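# Understanding the architecture of this molecule
One letter stands for each residue in the lines below.
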Amino acid sequence: MTLKKGRLSFVASSVNLLEGSIVKSLLIFAFPMFIGQLLQQFYNMADAWVIGQFADDTAFAAVSSAGNIIFLIVGLFNGISIGGGVIISKYYGAGDRENVVKAIHTNFLFALISSVAATAIGLILIPHILGWMNTPETVLPQSMSYFSIYFGGVSTVILYNICMSIMRSLGDSARPLLYLIISTLTNIVLDALFVAVFDWGVAGAAIATVISQGLSVVLCLIRMLRIDDYTRLDFRKLKFDGRMMGEVIKQGLPTGIQNAVISIGNISVQTNINFFKEYAMAGMGAYSKIEGFVFMPIMSMSMSLPTFVSQNLGAGNHKRAKKGAVFGMLFGIVTAELLGVLLYFVAPSLLKIFVDSELSLSYGITHVHITALFYCLLALSHCAAGVLRGCGKSFIPMITMLMFWCGVRVVYVNSILHYIPKFEMISWAYPITWTLSSIVLTVCLLTVNWERAFEKKQ
């Protein structure tokens, strides 16, 4: 398919985000991401189920509390990759071949550098972070084992995410899905083999993750090296371009910092959860698996919005970009609230898939009943942030998320527990901070002319 006005042709599996029905374009582009997240969550559920069934409660607690620590380090680099994707989309929509090529190779070079940095940072910081979190002595040895292996192979995670970001920025969300399917199935099989058969516990789960992510990287590279047009990856073109790297860092660093600092906030919250010991950790771990499923449609849309907005603004289609932003946000808000109401009523049955202790269940149910009905606000924040990133204004969501999802959340939790030392006070931190961030981001979208602000950055 060839675009009008001399635009560049899309690869066969790409979605044309610049023409046709906005609703259809966004939904078709977001659908592979949704399926990909669905598969990833099935893997996470299978992973948790295997560990829960064939290891012990401390192993489940160790793996369940890993998410925030991993996101603290990996999220920094993945956030920058999102910014790189916006830059690629902008030039791709504008039909600027030279800068598309530079942006692709600059992003991939950044991936290689990030992989080395993340491995070193993870291996050095993990013991200190686990100590800071007051990780129970019963859980600490298995947590150390899991993280040592995970961060030893974290380069596979970062390389996959950045390769996936490059492919999606060119409109191809189908092939990353295919590679994720293969990786997820591999992960499930290896989990069963290493944990259930070989009895390697959390170490087996970590090894399975590294191997399966490595496979997805290989598949991405095979595709990127075989593309038959100017967007093909060519290792001979991996040269440092100061201007392009500056664009990528300027656009992506706010998101990366946001991810990392929010993770610090969540780790602080997790530290307070840890004071309630293994049952609270297990109950919240079980909830996190369910929440991952519930929020997949919203995250798929929020991840699609930066590409849609940036491609259309790069092509000069301001009205189309704005209409797409409105639809995407409404879709996220309505879907999130419907799913939140459903989860409110079925949570007890779902939590029992992962934990059977009545005390662990009570912690998970308490958290669901406090947070689920406020999912519409979480969706609003994520989708609004996606729109702002798509128009080159990633600084606004960064400041907003840092202020509320980190600063206010940490201050609230650490203060309130001194006066009301009850677990439910921790859960209330989430709807309170979602509300505050939603108000600020909505005001920004209503008062800032984001189309022209992006235009000035080109």
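Parameters and conventions
- Along each chain, the written sequence defines residue order, and numbers are assigned to residues from 1.
- With pLDDT at 70 or above as the cut-off, local features in this predicted model cover only qualifying residues; side-chain atom pairs require 80 or more to be listed or tallied, and sums for whole chains, interfaces and linings still use all residues.
- In computing side-chain values, all of the structure's heavy atoms are included and hydrogens and water are not.
- For Phe, Tyr and Trp, where Trp contributes only its six-membered ring, two rings pair if their centres lie within 6.5 Å, and the inter-plane angle classes them as stacked under 30 degrees, edge-to-face over 60, or tilted in between.
- Only runs of H or I of at least four residues qualify as helices and only runs of E of at least two qualify as strands under DSSP, and these elements are numbered from the N terminus.
- Two thresholds decide whether a charge sits over a ring: the Lys NZ or Arg CZ must be within 6 Å of the ring centre and within 35 degrees of the ring normal.
- Note on geometry: axes are C-alpha line fits, over the in-contact stretch for helices, and angles between N-to-C directions span 0 to 180 degrees.
- Note on terminology: angles under 35 degrees are roughly parallel, angles over 145 are roughly antiparallel, angles of 65 to 115 are roughly perpendicular, and the others are oblique.
- Left-handed describes a crossing in which the near helix is turned anticlockwise from the far one by less than a right angle; the clockwise case is right-handed.
- Residue contacts follow a heavy-atom distance rule, with two residues in contact if any of their heavy atoms lie within 4.5 Å.
- Every case where a carboxyl oxygen of Asp or Glu lies within 4 Å of a side-chain nitrogen of Lys or Arg is listed as a salt bridge.
- Here the term buried applies to any residue with accessible area under 20% of the maximum for its type, exposed to any over 50%, and partly exposed to those in between, with areas from a 1.4 Å probe on protein chains only.
- By definition here, a helix of n residues has an expected span of 1.5 Å times n minus one.
- Directions from the helix axis toward the C-beta atoms define the arc.
- Any residue that is not Ala, Val, Leu, Ile, Met, Phe, Trp, Tyr, Cys, Pro, Asp, Glu, Lys or Arg is counted as polar, Gly included; the first ten are nonpolar and the last four charged.
- N or O atoms closer than or at 3.5 Å make up a polar contact, with two conditions inside protein: a donor-capable atom paired with an acceptor-capable one, and, for residues adjacent in sequence, both atoms drawn from side chains.

What follows concerns the packing of aromatic side chains. Under the criterion given, the structure shown has 18 aromatic pairs. Measuring from centroid to centroid gives 5.8 Å for Phe 276 and Phe 423, while their planes differ by 85°, and the two rings are edge-to-face. Here the residue Phe 276 occupies a position in the loop between α9 (242-274) and α10 (277-294), and Phe 423 occupies one in helix α16 (residues 423-427), the gap between them amounting to 147 residues. Ring pairing ties together the aromatic residues Tyr 146, Phe 147, Tyr 150 and Phe 151, which thus form one cluster. The side chain of Lys 90 reaches across the aromatic face of Tyr 91, ending 4.8 Å from its centre.

So, about the packing of α10 against helix α13 (residues 358-371). Between α10 and α13, the least distance of the axes is 7 Å, while the angle of their chain directions is 50°. Accordingly, the angle class assigned to the pair α10 and α13 is oblique. Relative to α13, the crossing made by α10 is right-handed. For the pair α10 and α13, contact is made by Tyr 279, Ala 280, Ala 282, Gly 283, Met 284 and Tyr 287 and by Leu 359, Ser 360, Tyr 363, Gly 364, His 367, Val 368 and Thr 371, respectively.

The tally for this structure, following the rule as stated, stands at 6 salt bridges. Note that Arg 236 is salt-bridged to Asp 234, the shortest N-O span being 3.0 Å. Taking the relative accessible area as the measure of exposure, Arg 236 reaches 71% and is therefore exposed. Taking the relative accessible area as the measure of exposure, Asp 234 reaches 16% and is therefore buried. One salt-bridge network, in which partners are shared between bridges, spans Lys 90, Arg 243 and Glu 247.

Attention now moves to helix α6 (residues 154-169). Between the first and last C-alpha of α6 there are 23 Å, a value that for 16 residues agrees with the 22 Å anticipated at 1.5 Å per step. Among the 16 residues that make up α6, 15 are buried, leaving the element largely enclosed by the rest of the structure. Phi turns positive, to about 95°, at Gly 171, one or two residues after α6.

On to helix α5 (residues 140-152), then. Spanning 13 residues, α5 covers 18 Å between terminal C-alpha atoms, matching the ideal 18 Å at 1.5 Å per step. Among all positions in α5, only Gln 142, Ser 143, Tyr 146, Phe 147, Tyr 150 and Phe 151 are buried. Looking straight down α5, one finds its buried side chains confined to an arc of 145°; they lie on one side.

If you check the backbone angles, Asp 199 has positive phi at about 60° while not being a glycine. Note that Asp 199 resides in the loop between α7 (174-197) and α8 (201-226).

All right, on to the packing of α6 against α7 then. One can describe the packing of α6 onto α7 by two numbers: an axis separation of 8 Å at closest approach and a directional angle of 150°. Judged by the angle between their axes, α6 and α7 are roughly antiparallel. Between α6 and α7, the contacting residues are Tyr 160, Met 164, Met 167 and Arg 168 on the first element and Arg 175, Pro 176, Tyr 179 and Leu 180 on the second. By residue class, the composition of the contact of α6 with α7 is 6 nonpolar, no polar and 2 charged.

Here the focus is the environment of Thr 106. Its location among the elements puts Thr 106 in helix α4 (residues 97-132). On the accessibility criterion, Thr 106 (2% relative accessible area) is buried. The spacing of Thr 106 and Val 248 is 142 residues in sequence and 8.2 Å in space, taken between C-alpha atoms. Setting aside its immediate chain neighbours within four residues, Thr 106 contacts Asp 241, Met 244, Met 245 and Val 248. Of note is the side chain of Thr 106, whose polar atom sits 2.7 Å from the backbone oxygen of Lys 102.

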